[in-house]
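Examination of the molecular architecture
The residues making up each chain are set out below.
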Amino acid sequence: MRRLFKTLLVLVIIAIAGYYPLVLHSPEPAKTPYVIDIAKIRELSTRLPGPLPYEIRVEKVAELEFAEAMVMAGEPWQGTPIPIYSYKLVVPGSSIIVDSAVSSTDGVPGFMVTSFDPVAYERMNKAMEGASQIVITHEHFDHIAGILDHPNLKQILPAVQLTKEQLKHTDRMLPASLPEDVFDDYQALEYEGLHALAPGVVLIEAPGHTPGSQMVYVRLSDGREVLLLGDVAWQNRNIEAVKERPLFMTAMIRENRRQVIEQFQALHELAKQAPEIKQVPGHDGAVVKHLVETGYLNQGF
């Protein structure tokens, strides 16, 4: 019994010791953080001629539920919604789609799925067929599957602007996958740092969450500014606290924690210095709801 007690005590100590690094720890912000040169981004958004987007529409295609402890280190184990969105930048006579959500919730554990909206999914599909450009913030299935499973993929492919890094890391797309042969002669987008995608729209390289992660800056025709973060941050709490996802979560998704915490730090500073730029994390329903209520986003495609 004494031996059994000692063994149990050792196991408890090991479990307690492991809980901190796996669940509670977040890297310290770096002394030389990731840089968001907002002056350069704003200048770059004016370089291409043509009309600016005049509105941003948002479609919620599905919703999952994570524990808060999965979203940010040290949070409780109660549930928090993880909505899955697609965005439509409306330009006179055209549109740009940012992120294509999911085509289904296959491959996701059933207990994590709270909803899938097939009507919203069809609206998104139709919007992609009429878009001049389609980009994704990164290569995870809940942002790219709508493209890969589109029933008319060959039709929309000329508008799809996957980056070289996104296309290179197809393993990050699971359980989605590239259809055979469709991308054989595809010319991926290549850029370093920043890329003027369209008038008022700038892509911002942000590797860390995935190798092909990027943010999308949007300047609307009325002067308002929005920064779509993708999954650089799942929710605004990460940016406010400059606190990462827990190690057990980042290990599963193979995230570079140092790069991401540097991006949190930069976004935290940007929020203080330029609060007029509305930051939209990848899966924050409260932020999206507020931006719909204040007119920065419009509901539905």
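Our structure's up above, just so we're on the same page.
For the structure given in this document, a descriptive report is provided here. (Residues numbered from 1 in each chain as written. Predicted model: local features only at pLDDT ≥ 70, side-chain atom pairs only at ≥ 80, totals over all residues. Heavy atoms only, no water.)

**Let's talk about helix α5 (residues 141–148)**
So the rule is basically this: When a residue's accessible area, from a 1.4 Å probe over protein chains only, is under 20% of the maximum for its type it is buried; when over 50% it is exposed; and in between it is partly exposed. Numbering goes from the N terminus for both helices and strands, where a helix is a DSSP run of H or I of at least four residues and a strand is a run of E of at least two. Contact definition: two residues touch when any of their heavy atoms are within 4.5 Å.
Of all 8 residues making up α5, 8 are buried, and the element is well covered by its neighbours. Those residues of α5 not exposed but buried are Phe-141, Asp-142, His-143, Ile-144, Ala-145, Gly-146, Ile-147 and Leu-148. On its buried side, α5 packs onto β2 (79–91), α4 (118–129), β5 (133–135) and α6 (153–156).

**A few points about the side chain of Arg-245**
Applicable threshold: Definition of a polar contact: a pair of N or O atoms within 3.5 Å, with one able to donate and the other able to accept a hydrogen when the atoms are protein atoms, and with sequence-neighbouring residues admitted only if both atoms are side-chain atoms.
Mapped onto the elements of the fold, Arg-245 is located in the loop between α8 (236–241) and α9 (247–253). A polar side-chain atom of Arg-245 sits 3.2 Å from the main-chain carbonyl oxygen of Asp-231. Polar contacts involving the side chain of Arg-245 include one to the main-chain carbonyl oxygen of Val-232, which spans 3.1 Å.

**Here's the deal with the packing of aromatic side chains**
Stated formally: The criterion for an aromatic pair is that two Phe, Tyr or Trp rings (for Trp, the six-membered ring) have centres within 6.5 Å, with stacked assigned to planes under 30 degrees apart, edge-to-face to planes over 60 apart and tilted to the rest.
Going through the model one piece at a time under the given rule, you end up with 5 aromatic pairs. Their ring planes at 70° and their centres at 5.4 Å tell us that Phe-66 and Trp-234 sit as a pair that is edge-to-face. You can see Phe-66 sitting in strand β1 (residues 55–67) and its partner Trp-234 sitting in the loop between β9 (225–230) and α8, a full 168 residues away along the chain. This pair shows no difference in class: Phe-66 is buried, exactly as Trp-234 is. For the pair Phe-183 and Tyr-186, a centre-to-centre distance of 5.2 Å together with 70° between the ring planes defines the contact as edge-to-face. Residue classification places Phe-183 among the buried residues on the basis of a relative accessible area of 8%.

**Brief notes about the sheet that holds strand β8 (residues 214–219)**
How we decide: Only strands joined by at least two bridges in the DSSP assignment are considered to pair. Only the stretch in contact is used when fitting a helix axis, every axis being a line fitted to C-alpha atoms; angles between N-to-C directions are given from 0 to 180 degrees.
Strand order in the open sheet formed by 5 strands is β6-β7-β8-β9-β10, with mixed pairing between adjacent strands. The open sheet has two edge strands, β6 (194–198) and β10 (277–281), and neither has a second partner. Within this sheet the neighbouring strands show an average axis-to-axis angle of 20°, counted without direction. Inspection of the sheet shows β9 paired to β10 by 5 bridges, in the parallel sense. The residue bridging Leu-228 from the neighbouring strand is Val-280, located in β10.

**Let's talk about the side chain of Lys-88**
We count it as follows: Charge counting treats Lys and Arg as positive and Asp and Glu as negative, with His and both chain ends excluded. By definition, a salt bridge exists where a carboxyl oxygen of Asp or Glu is found within 4 Å of a side-chain nitrogen of Lys or Arg.
Here Lys-88 lies in strand β2. Buried within the structure, Lys-88 lacks any salt-bridge partner; Glu-55 is the closest side chain of opposite charge, at an N-O distance of 7.3 Å. Excluding residues that lie within four positions of it along the chain, Lys-88 makes contacts with Glu-55, Ile-56, Arg-57, Ser-95, Ile-96, Ile-97, Ala-127 and Phe-301.

**With respect to the pattern of salt bridges**
Applying the stated criterion across every chain, the model contains 16 salt bridges. Of the charged contacts in the structure, one is a salt bridge between Asp-171 and Arg-254, with a shortest N-O distance of 2.9 Å. Here Asp-171, found in the loop between α7 (164–168) and β6, pairs with Arg-254, found in the loop between α9 and α10 (257–273); they are 83 residues apart in sequence, far enough to count as distant. Here Asp-171 falls in the partly exposed class, since its relative accessible area comes to 33%. Linking Glu-244 and Arg-245 is a salt bridge whose minimum nitrogen-to-oxygen distance equals 3.6 Å. Judged by its relative accessible area of 0%, Glu-244 is buried.

**Re the environment of Val-242**
Counting through the fold element by element, Val-242 comes out in the loop between α8 and α9. C-alpha separation for the pair Val-242 and Leu-189, spaced 53 residues apart in sequence, amounts to 31 Å.

**Let's talk about a negative patch on the surface**
Selection rule: Patch membership requires more than 30% relative accessible area and the absence of a salt bridge. Residues of like charge join within 9 Å; the nonpolar side chains Val, Leu, Ile, Met, Phe, Trp and Tyr join within 5 Å. Accessible areas in this description were obtained via Shrake-Rupley with a 1.4 Å probe; residue shielding takes into account the shown protein chains only. Positions of charges follow a simple convention, taking NZ of Lys, CZ of Arg, CG of Asp or CD of Glu.
On the surface, Glu-180, Asp-181, Asp-184 and Asp-185 cluster together into a patch of negative charge. Tracing the sequence through the fold places Asp-181 in the loop between α7 and β6.

**Brief notes about the pairing of strand β3 (residues 94–98)**
Along any regular strand, the residues point their side chains to alternate faces of the sheet. For β3, the tally of buried residues reaches 4 of 5 residues, placing the bulk of the element in the interior. By the bridge criterion, 5 bridges tie β2 to β3 in an arrangement that is antiparallel. Counterpart to Val-91 in the pairing with β3 is Ser-94. Once β2 ends, the chain turns through 2 residues before running back antiparallel as β3, passing Gly-93 with a positive phi of about 80°. Two elements, β3 and β5, share 3 bridges in a ladder whose sense is parallel. Within β5, the position partnered with Ile-96 by the bridge is Gln-133.

All we've got here are geometric facts, nothing functional implied.
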